[in-house]
Amino acid sequence: MLHDALLEDYIEKFYGYGRWDATFWFVGMEEACHFSVKHINHRLEEWRKRQKKPLESMEQFAPIIGCNWHGEDAKLQPTWGKLIRVLFAAKGRTGHEVSHATLLQYQRRDLGTHTGETCLAELLPLPSPGMSFWFYGQNSDIPFLKTRELYKEHLWESRIRFLADRLAENVPKVVVFYGKSYSEAWKKISGMSFTEGEIVQTAVAKGTRFYIMRHLTRYEDIELDSIGRLIHSHFGR
């Protein structure tokens, strides 16, 4: 069984990777990673040892919980690779600067770190390989984990408020929300109405540009480059 007391603490406090005062925020629905009782309990214990931070430093935390995205044999994580591609284009990095090797190097060293330029936050805290999977109910005695629907209902508004508060406090230059099916949550977090574009929705507030995308894996590289160039064109306005 899962360690319920520590699991409840994690559910309440954990939000992702990086730093709240980062220039670029990428906000998704939930993390995808290994999925088993053994892995989740190991993740919880390592998080406890590292003082239960709301944002972990990915290059330190991911390797110790068994996610193979940072070592010598690291592979480019599908969602992160596309996210980094958008980021590179947003910073004006194009052409030979954007290769599998440069994307992987950024993933290993810079993405979601406590000293970097990105915050990777999740609307919901528990990792899952997909929306059709839910194993927490049969491995935990926490009542609101019995179904995914109860879990979502229990956390939805409080997580939205927390992220909205952190956003207001830190005023990042760019916030990219990915997963258009959660647009209502993204609008509540940002407090904005969005304009529909050809491949991305946009909004602007004092100090921050907001974007709502489909899930990153649903875009071709040429589309991601185009979105990144759009973000780049907005800098300084």
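Up top is the structure.
Values in this document were obtained by computation on a predicted structure and should not be read as measured data.

Scoring rules and cut-offs
- Residues numbered from 1 in each chain as written.
- Predicted model: local features only at pLDDT ≥ 70, side-chain atom pairs only at ≥ 80, totals over all residues.
- Heavy atoms only, no water.
- 1 Å grid on protein atoms, 1.4 Å probe; cavity = no way out; pocket = protein on both sides within 12 Å on 5 of 7 lines; lining within 4 Å.
- Points joined across faces, edges and corners; volume = space filled by probe spheres on them.
- Helix = DSSP H or I, 4+ residues; strand = E, 2+ residues; numbered from the N terminus.
- Buried < 20%, exposed > 50% of the residue type's maximum accessible area, 1.4 Å probe, protein only.
- Contact = heavy atoms within 4.5 Å.
- Pairing = 2+ DSSP bridges.
- Core = buried A, V, L, I, M, F, W, Y, C linked by side-chain atoms within 4.5 Å.
- Axes fitted to C-alpha atoms, helices over the stretch in contact; angles between N-to-C directions.
- Parallel < 35°, antiparallel > 145°, perpendicular 65-115°, else oblique.
- Left-handed = near helix turned anticlockwise from the far one by under 90°.
- Nonpolar A, V, L, I, M, F, W, Y, C, P; charged D, E, K, R; others polar.

Participant: Would you take a moment to explain the layout of surface pockets for this structure?
Facilitator: If a probe as big as a water molecule is rolled over the atoms, it shows which places are left empty. For the largest pocket, the calculated volume is near 510 Å³. Lining of the largest pocket is provided by 24 residues; of these, M29, E30, T79, Y178 and H215 occupy positions nearest its centre. At the level of secondary structure, the elements contributing two or more residues to the lining of the largest pocket comprise α4 (78-90) and β4 (118-122).

Participant: Could you clarify how one ought to interpret the environment of G92 in this entry?
Facilitator: Position of G92 among the secondary structure elements: in the loop between α4 and α5 (100-109). G92 sits in the partly exposed class, given a relative accessible area of 35%. When the C-alpha positions of G92 and Q201 are compared, they lie 21 Å apart, and in sequence the two are 109 residues distant. Excluding residues within four positions of it along the chain, G92 makes contact with E97 and H232.

Participant: Would you mind going over the pairing of strand β2 (residues 24-28) with me for this structure?
Facilitator: Successive side chains on a regular strand alternate, one facing one side of the sheet and the next facing the other. Of all 5 residues that make up β2, 5 are buried, and the element is covered over most of its length. Where β2 and β4 come together, 5 bridges link them in parallel fashion. The partner of F26 across the bridge, within β4, is L120. In this structure, β2 lies alongside strand β5 (residues 174-178), joined through 4 bridges in parallel fashion.

Participant: Can you walk me through the nonpolar core in this structure?
Facilitator: Generally speaking, a soluble globular protein has its nonpolar side chains buried in company with each other. With 75 residues, the main nonpolar core has L123, L145, F177, W186 and M213 as its most contacted residues. For this core, the element with the most residues is α4, which contributes 7 residues. Apart from residues no more than four positions distant in its own chain, W186 is found in contact with V27, G28, M29, L123, F177, Y178, G179 and I212.

Participant: So what exactly am I meant to see when it comes to the packing of α4 against helix α9 (residues 221-234) here?
Facilitator: Helix packing for two helices is described by the angle between their axes and how far apart those axes are. As a packed pair, α4 and α9 sit with axes 7 Å apart at the nearest point and diverge in direction by 40°. When the interaxial angle is binned, α4 and α9 end up oblique. Considering the relative orientation of α4 and α9, their crossing is right-handed. Listed contacts from α9 to K82, R85, V86, A89 and A90 of α4 are D221, L224, D225, I227, G228, R229, I231 and H232.

Participant: When you look at the packing of helix α7 (residues 148-170) against helix α8 (residues 183-190) in this model, what are you seeing that I'm missing?
Facilitator: Remark: α7 packs on α8, axes separated minimally by 8 Å, with the N-to-C direction vectors making an angle of 40°. Compared by their axis directions, α7 and α8 come out oblique. The two elements α7 and α8 cross, and the hand of that crossing is right-handed. Contacts between α7 and α8 involve W156, E157, I160, L163, A164 and L167 on the former and, on the latter, A185, K188 and I189. Residue composition of the contact of α7 with α8, by class: 7 nonpolar, no polar and 2 charged.

Participant: I tried to follow the pairing of strand β8 (residues 208-213) on my own but got confused; where do I start?
Facilitator: A large share of β8 lies buried, amounting to 6 of its 6 residues. Burial along β8 is two-sided: the residues T208, F210 and I212 and R209, Y211 and M213 are all buried. Examined bridge by bridge, β5 and β8 share 5 bridges and lie parallel to one another. Within the sheet, the bridge partner assigned to F177 lies in β8 and is I212. Sheet analysis places strand β7 (residues 201-205) next to β8, joined by 5 bridges and oriented antiparallel. Looking at the pairing, Q201 lines up with I212 of β8.

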